[in-house]
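# Structure assessment
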Amino acid sequence: MFLEISGIKKHFGEGESRVEVLKDIDAGIEKGEICVLLGPSGSGKSTLLNIIGGIDSADSGYITINGEKPADMNEKKLTIYRRKHLG
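Reading the values: rules and limits
Residues numbered from 1 in each chain as written. Predicted model: local features only at pLDDT ≥ 70, side-chain atom pairs only at ≥ 80, totals over all residues. Heavy atoms only, no water. Helix = DSSP H or I, 4+ residues; strand = E, 2+ residues; numbered from the N terminus. Buried < 20%, exposed > 50% of the residue type's maximum accessible area, 1.4 Å probe, protein only. Pairing = 2+ DSSP bridges. Axes fitted to C-alpha atoms, helices over the stretch in contact; angles between N-to-C directions. Contact = heavy atoms within 4.5 Å.

### Considerations on unusual backbone geometry
Phi is positive for Asp24, close to 55°, though the residue is something other than glycine. With respect to the helices, strands and loops of the structure, Asp24 is situated in strand S2 (residues 19-29). What makes Asp24 partly exposed here is its relative accessible area of 45%. Even without being glycine, Asn66 reaches a positive phi, approximately 55°. Mapping Asn66 onto the fold places it in the loop between strand S3 (60-65) and helix H2 (75-85).

Structure (structure tokens):
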């Protein structure tokens with residue numbers, strides 16, 4: 001699996017204003033496969049893409065791209081990762 005998304009959860013805010021944006025997202029995409037991320041405004045599409053791109057972090061779960069976890073990388077490795085895999 002080239003892109004593996006496992007158990008991703010993300011929320012914004014706290015207390016009464018807390019909003020669960022991503023709730024236990026799982027997906028797998030093979031290299032060269034075409035995938036569409038579709039949903040209404042506010043459903044978490046950009047948040048998920050930001051997590052995949054290493055721009056934001058998930059509350060729980062993990063992402064791997066070609067066996068590498070962006071969450072485990074320092075800023076220099078993240079820059080190289082983005083250059084190599086994203087764009």
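### Digging into the sheet that holds S3
In spatial order, the strands read S2-S1-S3; together these 3 strands make up an open sheet with antiparallel pairing. This sheet does not close on itself; its edge strands, each paired only once, are S2 and S3. Taken pair by pair, the neighbouring strands of this sheet meet at an average axis angle of 20°, ignoring direction. Alignment of strand S1 (residues 3-12) against S3, held across 5 bridges, turns out to be antiparallel. Residue Leu3 lies in a different strand from S3, and its bridge partner there is Ile65. Contacting S1, S2 and S3, helix H1 (residues 45-52) runs over the sheet at an angle of about 125° to S1.

### A look at the environment of Ile63
Within the secondary structure, Ile63 sits in strand S3. Looking at Ile63, the relative accessible area reads 6%, which means it is buried. On a C-alpha basis, the gap between Ile63 and Glu33 in space is 17 Å, while along the polypeptide they are 30 residues apart. Beyond its immediate sequence surroundings of up to four residues, Ile63 is in contact with Leu3, Glu4, Ile5, Ile8, Ile51, Ile52, Glu68, Lys69 and Pro70.

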